[in-house]
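One-letter residues, chain by chain:
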Amino acid sequence: MTELNNSDPQSRLAQHDHDAAIDHNRRAYDQMALAGEPLCRPATKAELSKPLATIDQIGWLGKSIAGWRVLCLAAGGGRQSALYAKAGADVTVVDISGEMLELDRRAAQEHQLPIRTIQANMQHLPMLDSASFDLVIHPVSTCYVPDVAPVFQEIARLLLPGALYISQHKQPTSLQSTLSPSASGHYAVQHTYYRQQAIPAATEKTHAAKRLREDRAIEYLHRWEQIVGGICRAGMVIEDLVEPMHTKADAEPGAFAHRASYIAPYVRIKARRKQTAEPRSGLLLPS
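Treat the numbers as computed from the prediction; the structure is a model and nothing was measured.

What counts, and at which threshold
- Residues numbered from 1 in each chain as written.
- Predicted model: local features only at pLDDT ≥ 70, side-chain atom pairs only at ≥ 80, totals over all residues.
- Heavy atoms only, no water.
- Core = buried A, V, L, I, M, F, W, Y, C linked by side-chain atoms within 4.5 Å.
- Buried < 20%, exposed > 50% of the residue type's maximum accessible area, 1.4 Å probe, protein only.
- Helix = DSSP H or I, 4+ residues; strand = E, 2+ residues; numbered from the N terminus.
- Contact = heavy atoms within 4.5 Å.
- 1 Å grid on protein atoms, 1.4 Å probe; cavity = no way out; pocket = protein on both sides within 12 Å on 5 of 7 lines; lining within 4 Å.
- Points joined across faces, edges and corners; volume = space filled by probe spheres on them.
- Nonpolar A, V, L, I, M, F, W, Y, C, P; charged D, E, K, R; others polar.
- Pairing = 2+ DSSP bridges.
- Axes fitted to C-alpha atoms, helices over the stretch in contact; angles between N-to-C directions.
- Salt bridge = Lys/Arg side-chain N within 4 Å of Asp/Glu carboxyl O.
- Expected span 1.5 Å × (residues − 1).
- Phe/Tyr/Trp six-rings, centres within 6.5 Å; stacked < 30°, edge-to-face > 60°.
- Lys NZ or Arg CZ within 6 Å of the ring centre and 35° of its normal.

Participant: Explain the nonpolar core here, please?
Facilitator: If you look at soluble globular proteins, the nonpolar side chains tend to sit buried side by side. By size, the foremost hydrophobic cluster in this structure holds 29 residues, and its most contacted members are Leu73, Ile155, Tyr165 and Met236. Secondary structure elements with two or more residues in this core: strand 1 (69-73), strand 4 (133-138), helix 6 (149-158), strand 5 (159-170), helix 9 (224-233) and strand 7 (266-273). Excluding its chain neighbours within four sequence positions, the residues that come into contact with Ile155 are Leu73, Val136, His138, Tyr165 and Met236. Core analysis: the second largest hydrophobic core is formed by 27 residues, Leu52, Ala82, Ala85 and Ala89 among them.

Dropping the structure here:
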């Protein structure tokens, strides 16, 4: 959890707001899991029949992850953990939602997979040893915490030197922009970029809107410097970055695929933990 100066009334208020948002999102995902919403559905038998191809369509993981120690971070729901375990990895899944983790436990039992579950805040993972994972995978979830820097710092701590961090994030522009088009068919930027407060809740209830914004959850915009720069400052090196394609030429205005042709909803990042700490600069500066 982010440490703040609790002697300062403003810091105490910020800490209270931070804790309230985290607890709100825990309860939101408990409700979503119980309702069986699309983001809370376990891996299918068809996906489990080809697990590595399902989880790694880009080819970032190579030919095999058998024996890898994998942390599925903020990734409860019975999908990610089951797929990585089926591909031969030693899997630990962390999520703040107990109901999401229950889906992982059910998937592990149904498919006889060794999956360890831990209910925790992704910003604070003292129960996990440093340098203990070959891979941390992180589906879209950084938008649910006000400050992403502690998340990246924990991930870097948990990774072995040279190990991989693969994550997906909501693009800042997507969180800034309207979910439905105007009468002219265009989408507009409506929220400020430099902000600490949460993005206002979406009012639209369309299928596309629900896919872009979890209407039960509190979400935060993180700037590019906070995402890309934050990963680098935590001690990782970015090796690749892609924007998953979700467009369709014949999509109706307002549909998810139509908006995606104007505004990419997600970014996927491959990063690697540095092998060693950065050497001190030999540059001498005048006093």
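Participant: Before we go on, may I ask you to explain empty space enclosed by the protein in this structure?
Facilitator: To find leftover empty space, one rolls a probe the size of a water molecule over the atoms. Inspection of the entire model under this criterion finds one cavity of 30 Å³ or more. The space that makes up the largest cavity amounts to roughly 30 Å³. Around the largest cavity, the lining residues are Thr142, Cys143, His169, Lys170, Leu175, Tyr220, His222 and Ile227. Across the lining of the largest cavity, the residue classes tally to four nonpolar, three polar and one charged.

Participant: Would you mind going over the sheet that holds strand 4 with me for this structure?
Facilitator: Consider a sheet: its strands pair through backbone hydrogen bonds, and that pairing is either parallel or antiparallel. The sheet built from seven strands is open, its strands ordered 3-2-1-4-5-7-6 with mixed pairing. Strand pairing shows two members of the sheet lacking a second neighbour, strand 3 (115-119) and strand 6 (236-242), which therefore form its edges. Strand-to-strand, the axes of this sheet are offset by a mean angle of 20°, without reference to chain direction. Along the sheet, helix 6 makes contact with strand 1, strand 4, strand 5, strand 6 and strand 7, crossing strand 5 at roughly 150°. On the sheet, helix 9 packs against strand 5, strand 6 and strand 7 and is oriented at approximately 135° with respect to strand 6.

Participant: What am I meant to see in the pattern of salt bridges here?
Facilitator: A side chain with one charge can pair with a side chain of the opposite charge if their charged atoms come near. A complete count under the given rule lists 15 salt bridges for this structure. A salt bridge links Lys170 to Glu219; the shortest N-O distance between them is 2.5 Å. Highlighted residues: Lys170 in strand 5 and Glu219 in the loop between helix 8 (207-212) and helix 9, separated in sequence by 49 residues. Assigned by exposure class, Lys170 and Glu219 land together as buried. For Arg223, the salt bridge identified is with Glu225, shortest N-O distance 3.2 Å. On the basis of relative accessibility, which here comes to 15%, the residue Arg223 falls in the buried class. Via salt bridges that share partners, Asp23, Arg26, Arg27 and Asp30 belong to a single interconnected network.

Participant: Help me out: how do you make sense of helix 5 (residues 98-111) in this one?
Facilitator: Owing to its 3.6 residues per turn, the α-helix aligns residues three or four sequence positions apart on the same side. With 14 residues, helix 5 extends 20 Å from end C-alpha to end C-alpha; this agrees with the ideal 20 Å at 1.5 Å per step. When helix 5 is considered as a whole, its buried residues turn out to be Gly98, Met100, Leu101, Leu103, Asp104, Ala107 and Ala108. Once helix 5 finishes, Gln112 follows within two positions and takes phi at roughly 55°, a positive value.

Participant: Can you walk me through the packing of aromatic side chains in this structure?
Facilitator: Two descriptors summarise a pair of aromatic rings, namely the distance from one centre to the other and the angle between the planes of the rings. A complete count under the given rule lists four aromatic pairs for this structure. With centroids separated by 5.5 Å and ring planes inclined at 65°, the aromatic side chains of Tyr29 and Tyr144 adopt a geometry described as edge-to-face. Taken together, the residues span a long stretch of sequence, with Tyr29 in helix 1 (residues 9-35) and Tyr144 in the loop between strand 4 and helix 6 at a distance of 115 residues. Overall, Tyr144 belongs to the buried group, its relative accessible area being 9%. Here the aromatic rings of Tyr187 and Tyr262 are separated by 5.6 Å at their centres, their planes lie at 55°, and the arrangement is tilted. Linking Tyr187 in the loop between helix 7 (172-176) and helix 8 with Tyr262 in the loop between helix 10 (256-260) and strand 7, this pair joins segments that are 75 residues apart in sequence. The class for Tyr187 is buried, based on a relative accessible area of 13%. The aromatic ring of Phe256 is capped on one face by Arg211, whose charged end is 3.8 Å from the ring centroid.

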